[in-house]
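Understanding the architecture of this molecule
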Amino acid sequence: LESQIKAKISEVSLYEDDYLPNLNFYSKYDFYGYDKDSYQQSFDEMRENSYKFGLSLSLNIFNGFKTSSEKEKALLQLKQLQTKYDLEKDNFENQILTINENYKLDKLNLENKSKTLKLAFLSETNSSKLKEIGELGQIEMMNSNIEKLYKEIDYKLSEGKLAYEYTKKSILLEDNQCIVP
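Because the structure is a prediction, the values reported are computed rather than measured. (Residues numbered from 1 in each chain as written. Predicted model: local features only at pLDDT ≥ 70, side-chain atom pairs only at ≥ 80, totals over all residues. Heavy atoms only, no water.)

1. Section: the pattern of salt bridges
Using the criterion set out here, one finds 4 salt bridges in the structure. The salt bridge partner of E101 is K104, with a shortest N-O separation of 4.0 Å. Of this pair, E101 and K104 both sit in helix α3 (residues 66–132), separated by 3 residues, roughly a single helical turn. By relative accessible area, which is 44% here, E101 ends up partly exposed. Here K156 and E159 are joined by a salt bridge, their closest N and O atoms 3.9 Å apart. Taken as a pair, K156 and E159 lie in helix α4 (residues 138–179) at a separation of 3 residues, close to a single helical turn. What makes K156 exposed here is its relative accessible area of 55%. The exposure class assigned to E159 is partly exposed, which follows from its relative accessible area of 33%. (Salt bridge = Lys/Arg side-chain N within 4 Å of Asp/Glu carboxyl O. Helix = DSSP H or I, 4+ residues; strand = E, 2+ residues; numbered from the N terminus. Buried < 20%, exposed > 50% of the residue type's maximum accessible area, 1.4 Å probe, protein only.)

Okay, structure coming up:
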(Lines give C-alpha, C1' and ligand atoms only; values in the text may rest on other atoms or scores of the structure.)
Protein backbone atom coordinates (compact mmCIF):
# COMPACT_ATOMS: atom_id res chain seq x y z
CA LEU A 1 0.00 0.00 0.00
CA GLU A 2 2.88 2.34 0.78
CA SER A 3 4.42 1.67 -2.63
CA GLN A 4 1.09 2.45 -4.31
CA ILE A 5 0.93 5.75 -2.43
CA LYS A 6 4.47 6.63 -3.50
CA ALA A 7 3.62 5.75 -7.11
CA LYS A 8 0.53 8.01 -7.02
CA ILE A 9 2.57 10.87 -5.57
CA SER A 10 5.03 10.46 -8.45
CA GLU A 11 2.15 10.38 -10.93
CA VAL A 12 0.72 13.63 -9.53
CA SER A 13 4.12 15.31 -9.77
CA LEU A 14 4.39 14.19 -13.41
CA TYR A 15 1.06 15.83 -14.18
CA GLU A 16 2.22 18.99 -12.44
CA ASP A 17 5.37 18.95 -14.58
CA ASP A 18 3.19 19.02 -17.71
CA TYR A 19 2.36 22.64 -16.87
CA LEU A 20 6.02 23.64 -17.06
CA PRO A 21 7.59 24.73 -20.38
CA ASN A 22 9.95 22.35 -22.21
CA LEU A 23 13.37 23.67 -23.20
CA ASN A 24 15.14 21.71 -25.93
CA PHE A 25 18.53 22.14 -27.57
CA TYR A 26 18.94 20.99 -31.15
CA SER A 27 21.70 20.89 -33.73
CA LYS A 28 21.72 19.99 -37.41
CA TYR A 29 24.54 19.27 -39.82
CA ASP A 30 23.69 19.34 -43.58
CA PHE A 31 25.54 17.80 -46.53
CA TYR A 32 24.63 18.54 -50.15
CA GLY A 33 25.67 16.86 -53.38
CA TYR A 34 23.93 17.21 -56.74
CA ASP A 35 24.22 15.38 -60.00
CA LYS A 36 21.07 14.92 -62.05
CA ASP A 37 22.44 11.95 -64.00
CA SER A 38 24.08 9.79 -61.37
CA TYR A 39 23.13 9.13 -57.82
CA GLN A 40 26.59 7.75 -57.11
CA GLN A 41 28.24 10.86 -58.54
CA SER A 42 26.00 13.02 -56.34
CA PHE A 43 27.05 11.00 -53.29
CA ASP A 44 30.74 11.31 -54.17
CA GLU A 45 30.57 15.10 -54.56
CA MET A 46 28.85 15.69 -51.23
CA ARG A 47 30.02 18.80 -49.34
CA GLU A 48 29.36 20.23 -45.93
CA ASN A 49 26.97 23.02 -46.54
CA SER A 50 25.46 24.24 -43.29
CA TYR A 51 25.44 23.94 -39.55
CA LYS A 52 22.37 24.77 -37.52
CA PHE A 53 21.79 24.77 -33.80
CA GLY A 54 19.39 26.42 -31.44
CA LEU A 55 17.05 26.29 -28.48
CA SER A 56 13.35 25.72 -28.60
CA LEU A 57 10.91 26.52 -25.84
CA SER A 58 7.47 24.94 -25.92
CA LEU A 59 4.55 25.37 -23.59
CA ASN A 60 1.34 23.42 -23.74
CA ILE A 61 -1.24 26.16 -23.36
CA PHE A 62 -4.39 24.13 -23.85
CA ASN A 63 -4.94 20.41 -24.22
CA GLY A 64 -8.66 20.18 -23.61
CA PHE A 65 -8.29 20.04 -19.80
CA LYS A 66 -6.73 16.57 -20.14
CA THR A 67 -3.80 17.29 -17.82
CA SER A 68 -5.89 18.95 -15.14
CA SER A 69 -8.51 16.18 -15.16
CA GLU A 70 -5.85 13.47 -15.03
CA LYS A 71 -4.17 15.29 -12.15
CA GLU A 72 -7.46 15.60 -10.25
CA LYS A 73 -8.17 11.92 -10.85
CA ALA A 74 -4.71 10.97 -9.54
CA LEU A 75 -5.18 13.23 -6.49
CA LEU A 76 -8.50 11.56 -5.68
CA GLN A 77 -6.95 8.12 -6.05
CA LEU A 78 -4.08 9.22 -3.81
CA LYS A 79 -6.53 10.45 -1.19
CA GLN A 80 -8.39 7.11 -1.33
CA LEU A 81 -5.14 5.17 -0.92
CA GLN A 82 -4.08 7.34 2.03
CA THR A 83 -7.48 6.89 3.67
CA LYS A 84 -7.32 3.13 3.13
CA TYR A 85 -3.79 3.07 4.55
CA ASP A 86 -4.83 5.07 7.61
CA LEU A 87 -7.83 2.78 8.21
CA GLU A 88 -5.71 -0.35 7.91
CA LYS A 89 -3.07 1.14 10.18
CA ASP A 90 -5.69 2.07 12.80
CA ASN A 91 -7.26 -1.37 12.54
CA PHE A 92 -3.88 -3.02 12.97
CA GLU A 93 -3.02 -0.83 15.97
CA ASN A 94 -6.42 -1.67 17.52
CA GLN A 95 -5.71 -5.37 17.02
CA ILE A 96 -2.39 -4.98 18.78
CA LEU A 97 -4.02 -3.07 21.66
CA THR A 98 -6.70 -5.77 21.95
CA ILE A 99 -4.09 -8.51 21.99
CA ASN A 100 -2.10 -6.63 24.64
CA GLU A 101 -5.20 -6.25 26.81
CA ASN A 102 -6.16 -9.90 26.34
CA TYR A 103 -2.64 -10.93 27.24
CA LYS A 104 -2.74 -8.85 30.43
CA LEU A 105 -6.13 -10.29 31.37
CA ASP A 106 -4.99 -13.85 30.66
CA LYS A 107 -1.85 -13.29 32.72
CA LEU A 108 -3.93 -11.96 35.62
CA ASN A 109 -6.34 -14.87 35.22
CA LEU A 110 -3.40 -17.31 35.32
CA GLU A 111 -2.08 -15.70 38.49
CA ASN A 112 -5.52 -16.05 40.10
CA LYS A 113 -5.76 -19.70 39.03
CA SER A 114 -2.31 -20.30 40.45
CA LYS A 115 -3.49 -18.92 43.79
CA THR A 116 -6.64 -21.05 43.54
CA LEU A 117 -4.52 -24.12 42.83
CA LYS A 118 -2.38 -23.40 45.88
CA LEU A 119 -5.57 -23.13 47.94
CA ALA A 120 -6.75 -26.46 46.48
CA PHE A 121 -3.50 -28.14 47.58
CA LEU A 122 -3.92 -26.57 51.01
CA SER A 123 -7.52 -27.81 51.06
CA GLU A 124 -6.34 -31.31 50.12
CA THR A 125 -3.84 -31.24 52.96
CA ASN A 126 -6.58 -30.12 55.36
CA SER A 127 -8.94 -32.80 54.00
CA SER A 128 -6.37 -35.53 54.58
CA LYS A 129 -5.89 -34.31 58.17
CA LEU A 130 -9.66 -34.29 58.72
CA LYS A 131 -9.90 -37.81 57.30
CA GLU A 132 -7.17 -39.00 59.67
CA ILE A 133 -9.10 -37.76 62.69
CA GLY A 134 -12.35 -39.17 61.29
CA GLU A 135 -14.17 -35.92 60.52
CA LEU A 136 -14.24 -36.43 56.74
CA GLY A 137 -15.49 -39.44 54.78
CA GLN A 138 -14.03 -41.16 51.74
CA ILE A 139 -16.53 -39.54 49.33
CA GLU A 140 -15.75 -36.00 50.50
CA MET A 141 -12.04 -36.75 50.18
CA MET A 142 -12.51 -37.97 46.59
CA ASN A 143 -14.62 -34.91 45.76
CA SER A 144 -11.84 -32.72 47.11
CA ASN A 145 -9.27 -34.55 44.95
CA ILE A 146 -11.50 -34.24 41.86
CA GLU A 147 -11.94 -30.52 42.49
CA LYS A 148 -8.16 -30.14 42.80
CA LEU A 149 -7.63 -32.03 39.51
CA TYR A 150 -10.15 -29.80 37.72
CA LYS A 151 -8.30 -26.76 39.00
CA GLU A 152 -4.99 -28.19 37.80
CA ILE A 153 -6.45 -28.84 34.34
CA ASP A 154 -7.91 -25.34 34.23
CA TYR A 155 -4.54 -23.92 35.25
CA LYS A 156 -2.71 -25.85 32.51
CA LEU A 157 -5.25 -24.71 29.89
CA SER A 158 -4.84 -21.11 30.99
CA GLU A 159 -1.09 -21.49 30.84
CA GLY A 160 -1.35 -22.78 27.25
CA LYS A 161 -3.67 -19.94 26.27
CA LEU A 162 -1.28 -17.40 27.75
CA ALA A 163 1.63 -18.91 25.79
CA TYR A 164 -0.49 -18.76 22.60
CA GLU A 165 -1.41 -15.11 23.20
CA TYR A 166 2.22 -14.24 23.93
CA THR A 167 3.38 -15.88 20.67
CA LYS A 168 0.61 -14.18 18.69
CA LYS A 169 1.53 -10.83 20.22
CA SER A 170 5.22 -11.32 19.42
CA ILE A 171 4.49 -12.20 15.79
CA LEU A 172 2.19 -9.21 15.31
CA LEU A 173 4.67 -6.86 16.91
CA GLU A 174 7.39 -8.14 14.57
CA ASP A 175 5.01 -7.60 11.63
CA ASN A 176 4.18 -4.16 13.03
CA GLN A 177 7.82 -3.14 12.63
CA CYS A 178 7.71 -4.28 8.99
CA ILE A 179 4.27 -2.97 7.99
CA VAL A 180 3.52 0.17 9.94
CA PRO A 181 6.17 2.90 10.03
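Having seen the structure, we can now continue with the description.
2. What to know about the environment of L110
Its location among the elements puts L110 in helix α3. Note on L110: relative accessible area 12%, which makes it buried. Residues L110 and K156 lie 46 residues apart in sequence; the distance between their C-alpha atoms is 9.0 Å. Aside from chain neighbours lying at most four places away, what touches L110 is Y155, S158, E159 and L162. (Contact = heavy atoms within 4.5 Å.)

3. A word on the environment of E70
Within the element layout of this structure, E70 appears in helix α3. Judged by relative accessible area, E70 falls into the partly exposed class, the value being 27%. A sequence separation of 55 residues divides E70 from Y15, and the C-alpha atoms of the two residues are 7.3 Å apart.

4. Topic: the nonpolar core
Grouped together as the largest cluster of nonpolar side chains are 5 residues: Y103, L110, L117, Y155 and L162. For this core, the elements supplying multiple residues, two or more each, are α3 and α4. Among the elements that take part in this core, α3 stands out by supplying 3 residues, more than any other. Excluding its chain neighbours within four sequence positions, the residues that come into contact with L162 are Y103, D106, K107 and L110. (Core = buried A, V, L, I, M, F, W, Y, C linked by side-chain atoms within 4.5 Å.)

5. Side note on the confidence of the model for the protein chain
Here the protein chain averages 78 in pLDDT, and 79% of its residues register 70 or above. Taken element by element, the predicted model of the protein chain shows its lowest mean pLDDT in helix α2 (residues 39–44) (66) and its highest in helix α1 (residues 2–17) (87). (pLDDT = per-residue confidence, 0-100.)

6. Notes on α1
A rise of 1.5 Å per residue sets the reference length of α1, with its 16 residues, at 22 Å; its end C-alpha atoms lie 23 Å apart and thus fit the reference within 8%. Among the residues making up α1, those that are buried are I5, K8, V12 and Y15. The buried residues of α1 occupy one face: seen down the axis, they fall within an arc of 80°. Residues of α1 that are exposed and angled more than 90 degrees away from the buried face: S3, K6 and L14. (Expected span 1.5 Å × (residues − 1). Arc of directions from axis to C-beta.)

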